[in-house]
Amino acid sequence: MSNTTLTADIIAKEAVMILENELLMAKLCYRGYEPEFDGKINGYTKGETVSIRRPTDFTVRDGKTATVQDVVEGKIPITVNKQKGIDFKFTSQDLTLQIGDLSDRVIKPAMIQLANQVDTDMMALYKKAPQHVTIPSGGINSFADFALAPTLMDQMAIPQADRAALLTPTDYWAMLGSQTALYINNAANGAYRNGNLGMIGGVDTYMTQNFPTHTAGARTGTDVTDTTGTSYDAGYTWANVKDSTSVTFHIDGMASDTAGYYKAGDTFTLSTIYDVNPVTKASTGVLKKFVVMSNTTSASSEADVSIWPPIILSGAHQTAYSTNTALDGLTVTYQGVASTQYQQNLYFHKNAFALTMVPLVKPPGAVDVGRRTYKGISVRVIPYYDGGNDDSNWRLDVLYGTDLIDSRLAVRASLAADI
C-alpha cells in the first residue's frame, strides 16, 4: 500500500480518538453542557462563559390546602478557560508515513500526556468539595474503609446510580489485596489475576495516578466564629446565595498571623451545626462539613474566610440543622494536621463534576486547519512554517472548562494522619 501525505485533518482525526480513549475522570463526569454554548461555526476562544441553572428544591405540603412555592433558580457560570496543547516538529518524511505508524510513534504518547493533564485538572476540583470522610490508619485496606464514603453518600441521599471512585495507587492496591482473600469467585479472580476492582457496593472503582495531594493550612489556636452584628448571624437564605459559589464567614481566635493560615481545600466542622438529608431536611446527626474556597491570611488573629456551602437553616433549600439560634462563637474543628500533606481519594456521582470541551476558533490566515470532534472531545491541529529555521512545525490544541457543579454529590476520603 502506498503512503499518503498526511494532512492536519487526518492527524486531528487520529488524535481526537486516542485522546477520548485515554481519558478517565473526564468520561465519568457530566458532559451535557456543550450545547449551552451557541454553536459558533468558527469555534471558540479562551474565556468564553455560559451560565447554567442550579437544581431547584421544594418542601412537601401536609394536607389539602395548597401552599404555593416560588420557583427560585440559581445559576453558576461555566467558563472554557483552559487551553492546553502539544507541539510537534514533523519532517517531510514523517508526513509520508502511514497514519498508524505516526500514531504509535508520536500522536499516542502525546495524547496520553494531554489526557493526563485534563484528568489532573478534573481531580483538582477536590478543593471545592466540602464532604469529607477520614480513613483510619493503614488506608483503604478493607470493605469497611471503602464504605465510609458511600455511607455518607447514602446519608446525603445521593442517587445510587452512576457513582464512581478514583483511588490513589496506595489505596487502590491495598483494597485490591483485601479482595483476594474473599471467597467470591469473580471478585477474587478479577482482583488477583487482573488487578481489577470493578464495582464495589454499587461504586465503579478505578485507580488514578493523577490524584491530588492537599497541603493543609498553617492554622493554629482555638478558632471560633464571630457573626455578631452581621447579616448572616441566623444563617443565609437561598435567595442570598443562589448565584454564588462561596460565602464569607468571620473567624477569630488565631494564635498567629500567618500567610496561608487557611488553604483552599481545607475542610472543617462547626460545633452544633449538623448536616441534613436534602430530601427530608432531617438532621443526619453528623456535623456538617465546610470547605475553604480560597487561600486566606490571618491578621490581628482573625480573618474573613470564603467557604462553601452556606448555612441555610430552613426552607426548601435547607442545608443544615443547628441547636443554636445564632451562629456566633462556634468552635472550628479542622480535618487533618496543620501544614501536613494528604492524598485525596474522590467518590462522586456523575452529575457532581462537569467537563465542557468546545472546538477552538480557526484563526484568520491559518492554512490547512484540522479540527475534529469525537464523543464530545474536540481537537484542533494547525501546521505552520518557521522560515527562520526552515522547519515545519505543528501545534495541537484543546479548549475546555472544568467545574464542580453540585458539591453535595462528591465526597473526599483521606487519612487521619499525615502521609
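Preceding this paragraph is the structure being described.
The rules behind the values
Residues numbered from 1 in each chain as written. Predicted model: local features only at pLDDT ≥ 70, side-chain atom pairs only at ≥ 80, totals over all residues. Heavy atoms only, no water. Phe/Tyr/Trp six-rings, centres within 6.5 Å; stacked < 30°, edge-to-face > 60°. Buried < 20%, exposed > 50% of the residue type's maximum accessible area, 1.4 Å probe, protein only. Pairing = 2+ DSSP bridges. Helix = DSSP H or I, 4+ residues; strand = E, 2+ residues; numbered from the N terminus. Axes fitted to C-alpha atoms, helices over the stretch in contact; angles between N-to-C directions. Contact = heavy atoms within 4.5 Å. Salt bridge = Lys/Arg side-chain N within 4 Å of Asp/Glu carboxyl O. Core = buried A, V, L, I, M, F, W, Y, C linked by side-chain atoms within 4.5 Å.

**Focus on the packing of aromatic side chains**
Aromatic ring pairs are reported here in terms of the distance separating the ring centres and the angle at which the planes meet.
Next, step 1: For the coordinates displayed, the defined rule picks out 11 aromatic pairs.
Next, step 2: Centre to centre, the rings of Phe-37 and Tyr-44 are 5.5 Å apart; their planes meet at 80 degrees, and the pair counts as edge-to-face. Exposure class is identical for Phe-37 and Tyr-44. Each is buried.
Next, step 3: Taken together, the aromatic side chains of Tyr-261, Tyr-262, Phe-268, Phe-290 and Tyr-334 make up a single cluster linked through ring pairs.

**Let's talk about the sheet that holds strand S17 (residues 345–349)**
Next, step 1: The strand order across the open sheet formed by six strands is S4-S22-S17-S5-S7-S6, and the pairing between neighbours is mixed. With one partner strand each, in any of the chains shown, strand S4 (132–135) and strand S6 (198–200) form the two edges of the open sheet. Taking each pair of neighbouring strands and ignoring which way they run, the sheet shows an average axis angle of 25 degrees.
Next, step 2: One ladder, built from four bridges, connects strand S5 (residues 163–167) with S17; its direction is antiparallel. Residue pairing across strands places Leu-166 opposite Leu-346, the latter belonging to S17.
Next, step 3: Sheet contacts for helix H4 (residues 148–155): S4, S5, strand S7 (203–207), S17 and strand S22 (410–415); angle to S4, the most-contacted strand, approximately 155 degrees.

**Re the pairing of strand S10 (residues 247–254)**
Next, step 1: In terms of burial, S10 is largely enclosed, as six of its eight residues are buried.
Next, step 2: One ladder, built from three bridges, connects strand S9 (residues 221–225) with S10; its direction is antiparallel. Bridge pairing links Val-224 to Asp-252 in S10.
Next, step 3: Note that S10 and strand S13 (residues 302–308) share six bridges and pair antiparallel. Bridge pairing links Thr-248 to Ser-306 in S13.

**Observations regarding the pairing of strand S20 (residues 377–386)**
Next, step 1: Most of S20 is tucked away: seven of the 10 residues are buried.
Next, step 2: Here strand S19 (residues 370–374) folds back onto S20, and the loop between the two strands holds two residues, one of which, Lys-375, carries a positive phi near 50 degrees.
Next, step 3: The pairing of S20 with strand S21 (residues 391–404) spans seven bridges and is antiparallel. Opposite Ile-382, over in S21, you have Arg-395 as the bridge partner.
Next, step 4: The loop that links S20 with its antiparallel partner S21 comprises four residues; one of these, Asp-390, has a positive phi angle of about 55 degrees.

**Some points on unusual backbone geometry**
Generally, phi is negative for residues other than glycine and the peptide bonds are trans, each holding for most cases.
Next, step 1: Pro-309 follows Trp-308 through a cis peptide bond whose omega is 5 degrees.
Next, step 2: Tracing the chain through its elements places Pro-309 in the loop between S13 and strand S14 (320–322).
Next, step 3: Despite not being glycine, Thr-272 shows a phi value in the positive range, around 70 degrees.
Next, step 4: Tracing the backbone through its elements, the reader meets Thr-272 in strand S11 (residues 267–276).
Next, step 5: Of note, Lys-281 is a non-glycine position whose phi angle comes to about 65 degrees, a positive value.
Next, step 6: Among the structural elements, Lys-281 can be located in the loop between S11 and strand S12 (283–292).

**Observations concerning the pattern of salt bridges**
Side chains bearing opposite charge may pair, as long as their charged atoms lie close to each other.
Next, step 1: Inspection of every chain in the model, using the stated rule, returns 12 salt bridges.
Next, step 2: Between Arg-395 and Asp-397 there is a salt bridge, with its nearest N and O atoms 2.8 Å apart.
Next, step 3: Assessed through its relative accessible area of 5%, Asp-397 is described here as buried.
Next, step 4: Salt bridges linked by common partners bring Arg-380, Arg-395 and Asp-397 together as one network.

**A short note on the nonpolar core**
Next, step 1: If you look at the biggest cluster of nonpolar residues, it comprises 68 residues, and the most contacted ones within it are Ile-11, Leu-19, Met-111, Phe-146, Tyr-347, Phe-348 and Phe-353.
Next, step 2: The element contributing the most residues to this core is helix H2 (residues 99–123), with 10 residues.
Next, step 3: Not counting residues within four places of it along the chain, the set of residues in contact with Phe-353 comprises Met-25, Cys-29, Tyr-30, Met-122, Leu-125, Leu-346, Phe-348, Asp-403, Leu-404, Ile-405 and Ala-410.
Next, step 4: Ranked by size, the runner-up nonpolar core spans 27 residues in total, among them Tyr-261, Phe-268, Ile-273 and Ile-307.

Taken by themselves, the reported measurements are silent on function.
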